[in-house]
Amino acid sequence: MEASVRDEFFVKFKERLLYEGLCEVGFSRIDETVPPDLSRYHYAVTLMYRLSDAIVEEIDGAPTYAYFQHYRAANALLDRCALIACEMLRREGAMVYPIAASQSVHDRGDKYTGIYQHKSAAVAAGLGWIGKSALFVSHQYGSRVRLATVLTDLPLPSDAVPMESRCGNCTKCVEACPSGAVLGVNYVRGMERSEIFDAEKCSQHMKKAYGHIGRGAVCGLCMRACPYGERGSGVTF
Ligand code: SF4
Ligand code: SF4
């Protein structure tokens, strides 16, 4: 593709996905983080949806039914946008591999992770950092976002610089977590998730405490506690 035609395509590509309801679309080169069986894909499109402040702010000591439904609706929109992105890239001759917004796979060592971690691509795209909570923290919207990813072999306009953590001395997610899953460690690129977060503790607590709300698959207390993205917190990006 000629450079100007390519630039025009990616402007339209982003516009189309933002029109669908996403708050941000990012591009990254992902050689450092892609698993060997997906190594034909050197690039990733990050799709981001901003959760409703009103619904997030109702979370108080436990998740709510409204939050569970909103979480599922956000994932459904992200998965739909991933298919739209795939089709647009495929028409440009690309191979594409959509990564669902929320799908754990159980045959990759860590049973609480997906086939590819959305936050790895989102950080590489310069859209934010990985918080002490192990959640992705958007530099525009804080922790109140959901993500999906499309891997592709089509070279994307990706010159972003990955962000380092801006959590600093904050411990709000550590204090808010009822399971002890958030270990309170600042994430540095290259760390394993298990060095900052105990996924087993988190999952067991959600199953035990919130089985009646969203089948024990959501909690949200650490996200709710994060001052980044919180209205009136005074924390600026
Ligand atoms: S989702 Fe809930 S249990 Fe899991 S880490 Fe966050 S606050 Fe803790
Ligand atoms: S609550 Fe504080 S420590 Fe936790 S992710 Fe947000 S900024 Fe980082």
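Residues numbered from 1 in each chain as written. Chains lettered and ligands numbered in written order. Predicted model: local features only at pLDDT ≥ 70, side-chain atom pairs only at ≥ 80, totals over all residues. Heavy atoms only, no water.

Q: Please clarify how the site of ligand 2 should be interpreted in this entry.
A: Close to ligand 2 lie Gly 131, Lys 132, Ser 133, Cys 167, Cys 170, Lys 172, Cys 173, Cys 226, Pro 227 and Tyr 228. Considered class by class, the residues forming the shell around ligand 2 number six nonpolar, two polar and two charged. (Near = heavy atom within 4 Å. Nonpolar A, V, L, I, M, F, W, Y, C, P; charged D, E, K, R; others polar.)

Q: Quick question: what am I supposed to make of the pattern of salt bridges here?
A: Oppositely charged side chains are able to pair whenever their charged atoms sit close together. Under the criterion given, the structure shown has twelve salt bridges. Between Glu 87 and Arg 90 there is a salt bridge, with the nearest N and O atoms lying 2.4 Å from each other. In this pair, Glu 87 and Arg 90 are both assigned in helix α3 (residues 65-90), three residues apart and thus about one turn of the helix distant. (Salt bridge = Lys/Arg side-chain N within 4 Å of Asp/Glu carboxyl O. Helix = DSSP H or I, 4+ residues; strand = E, 2+ residues; numbered from the N terminus.)

Q: Could you clarify how one ought to interpret the pairing of strand β1 (residues 24-29) in this entry?
A: Residues in a regular strand project their side chains so that they alternate between the two faces of the sheet. When you tally the buried positions in β1, you get five out of six residues, the bulk of the element. As defined by bridge partners, β1 adjoins strand β2 (residues 43-50) across six bridges and the pair is classed as antiparallel. The partner of Val 25 across the bridge, within β2, is Leu 47. (Buried < 20%, exposed > 50% of the residue type's maximum accessible area, 1.4 Å probe, protein only. Pairing = 2+ DSSP bridges.)

Q: Help me understand the side chain of Asn 75, please; the structure alone is not making it clear to me.
A: Positionally, Asn 75 belongs in helix α3. With residues near it in sequence (within four places) discarded, Asn 75 still touches Ala 101, Ser 102 and Arg 146. (Contact = heavy atoms within 4.5 Å.)

Q: Just to check I follow, could you spell out the site of ligand 1 for this structure?
A: In the vicinity of ligand 1, the residues found are Cys 177, Pro 178, Ser 179, Ala 181, Val 182, Phe 197, Cys 202, Cys 219, Leu 221 and Cys 222. Split by residue class, the shell around ligand 1 holds nine nonpolar, one polar and no charged.

Q: Got a minute to help me understand the packing of aromatic side chains in this structure?
A: The description of an aromatic ring pair rests on the distance of the ring centres and on the angle between the ring planes. If you walk through the whole model with that rule in mind, you get eight aromatic pairs. Both rings, one in Phe 9 and one in Phe 13, keep their centres 5.8 Å apart while their planes meet at 35°; by these two values the pair is tilted. Taken together, the residues Phe 9 and Phe 13, both in helix α1 (residues 3-19) and four residues apart, mark about one turn of the helix. Judged by relative accessible area, which is 12%, Phe 9 ranks as buried. Relative to Phe 13, the ring of Phe 10 lies with its centre 6.2 Å away and its plane at 80°, an arrangement referred to as edge-to-face. (Phe/Tyr/Trp six-rings, centres within 6.5 Å; stacked < 30°, edge-to-face > 60°.)

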